[in-house]
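One letter stands for each residue in the lines below.
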Amino acid sequence: MKITEVPAEAFSGPIKINDLFLNSDIVRACTLDERLSTILGELLDGDPMVCNSLNFIYGSTQGAHYDSWFMAPPVKDKIVAASICLDENAEDNGPVFLYPGSHTIPPYIFPHGKIAKLDADLGPALRYVEETSRDIEPVTFYGQPGDVLIWHGQVLHGGSPIKNPSRTRRSLVTHYWRAKDYRSSLRTKITKNGYVIKRAHQEAAS
Ligand SMILES: O=C(O)CCC(=O)C(=O)O
């Protein structure tokens with residue numbers, strides 16, 4: 001829903017604020033901080049382009065997933081995510097967990113022949129994820145404010161359950177594709193080596 005329509009009490013629990021980079025100069029500046037953009041550019045083998053941002057106040061509590069399900073990159077594997085920690089990631093505030101090496105598991109192909117998820121086919125996809133990641137021991141990230149966790153968009157990850165509901169875990173999570181893989185008319189260069197996608201906000205449910 002539109003942020004102006006969100007009831008006040010929703011802000012005291014897990015909530016995901018989408019795409020503030022479209023409106024906020026501060027968020028945009030953080031997503032394309034010079035040092036961060038340089039590292040992302042090396043990882044992507046090309047300048048990064050912000051394709052989505054998420055601001056969290058509490059941990060996401062999102063189950064294990066692949067980012068490519070939600071934003072499949074134009075070129076295979078050219079997607080990374082960065083989580084800028086504003087609070088400590090502790091045992092009780094729903095820290096991020098990741099399955100090391102899971103980016104080497106062949107992605108599940110949905111019935112339309114792509115890796116972008118189809119809600120109607122989620123059951124078999126989740127079973128595939130469960131079977132293929134069973135032998136990997138997940139690791140938990142215990143970052144400090146100011147730390148940045150970067151993961152390959154094809155790494156299985158999620159947010160752990162929150163054991164202490166009063167503890168925030170504020171963060172800015174940004175997903176990046178590679179600018180050169182995207183139509184130049186649909187992106188804007190905003191820093192020396194950083195781009196943002198040119199698009200409107202996603203439709204809010206009515
Ligand atoms: O910060 C988290 O809890 C996980 C965020 C996440 O999984 C994502 O944005 O893809």
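Structure's up top.
Residues numbered from 1 in each chain as written. Predicted model: local features only at pLDDT ≥ 70, side-chain atom pairs only at ≥ 80, totals over all residues. Heavy atoms only, no water.

Peer 1: Which residues make up the nonpolar core, and what values go with them?
Peer 2: F21, L36, M49, V50, Y176, W177 and I197 are the most contacted members of the largest nonpolar core, which totals 21 residues. Listing elements by their share of this core, those giving two or more residues are α2 (34-44), β2 (48-56), β3 (79-85), β8 (171-178) and β10 (194-197). For V50, the residues in contact, after removing those within four places along its chain, are F21, T31, L32, T174, H175, Y176, Y195, V196 and I197. (Core = buried A, V, L, I, M, F, W, Y, C linked by side-chain atoms within 4.5 Å. Buried < 20%, exposed > 50% of the residue type's maximum accessible area, 1.4 Å probe, protein only. Helix = DSSP H or I, 4+ residues; strand = E, 2+ residues; numbered from the N terminus. Contact = heavy atoms within 4.5 Å.)

Peer 1: How would you sum up the packing of aromatic side chains? Please name residues and give values.
Peer 2: Enumeration over the complete set of coordinates arrives at six aromatic pairs. Judged by centre distance (5.8 Å) and plane angle (85 degrees), the ring pair of W69 and F110 falls under edge-to-face. Remark: F110 occurs in the loop between β4 (96-98) and α3 (122-133) and W69 occurs in the loop between β2 and β3; sequence separation between them is 41 residues. By the burial criterion, W69 is buried, and F110 matches it. Of the aromatic side chains, those joined through ring pairs into one cluster are Y66, W69, Y108, F110 and Y128. (Phe/Tyr/Trp six-rings, centres within 6.5 Å; stacked < 30°, edge-to-face > 60°.)

Peer 1: Before we move on, could you go through the site of the ligand and cite the residues and values that matter?
Peer 2: Neighbouring the ligand are the residues L54, S60, Q62, H65, D67, V96, H157, G159, R169, V173 and H175. A distance of 2.9 Å separates an oxygen atom of the ligand from a polar atom in the side chain of D67. In the model, an oxygen atom of the ligand is placed 3.4 Å from a nitrogen or oxygen of the H175 side chain. Within the complex, the protein chains bury 98% of what would otherwise be the 300 Å² of accessible surface of the ligand. Every element with two or more residues in the shell around the ligand is listed here: β7 (157-159) and β8. Of the residues belonging to the shell around the ligand, the class tally is three nonpolar, six polar and two charged. (Near = heavy atom within 4 Å. Polar contact = N/O pair within 3.5 Å; in protein donor to acceptor, adjacent residues only side chain to side chain. Areas by Shrake-Rupley, 256 points an atom, 1.4 Å probe, with all protein chains shown as cover. Nonpolar A, V, L, I, M, F, W, Y, C, P; charged D, E, K, R; others polar.)

Peer 1: Go over the pattern of salt bridges with me, naming the residues and quoting the values.
Peer 2: Under the defined criterion, the tally for this structure stands at 10 salt bridges. Residue E91 pairs with K163 through a salt bridge whose shortest N-O separation is 3.0 Å. Pair noted here: E91 is in the loop between β3 and β4 and K163 is in the loop between β7 and β8, with a separation of 72 residues, a long-range link. On the basis of relative accessibility, which here comes to 46%, the residue E91 falls in the partly exposed class. Under the relative-accessibility criterion, K163 is labelled exposed at 57%. Shared partners join several salt bridges into a network, and the residues in it are E88, D92 and R167. (Salt bridge = Lys/Arg side-chain N within 4 Å of Asp/Glu carboxyl O.)

Peer 1: Run through the side chain of Q154, naming residues and quoting values.
Peer 2: In this fold, Q154 is placed in the loop between β6 (148-152) and β7. For Q154, a relative accessible area of 5% gives the class buried. Here S68 takes part through its side chain, which lies 2.6 Å from a polar atom of the side chain of Q154. Not counting chain neighbours up to four residues away, the residues in contact with Q154 comprise Y66, S68, D77, S102, H103, P107 and I115.

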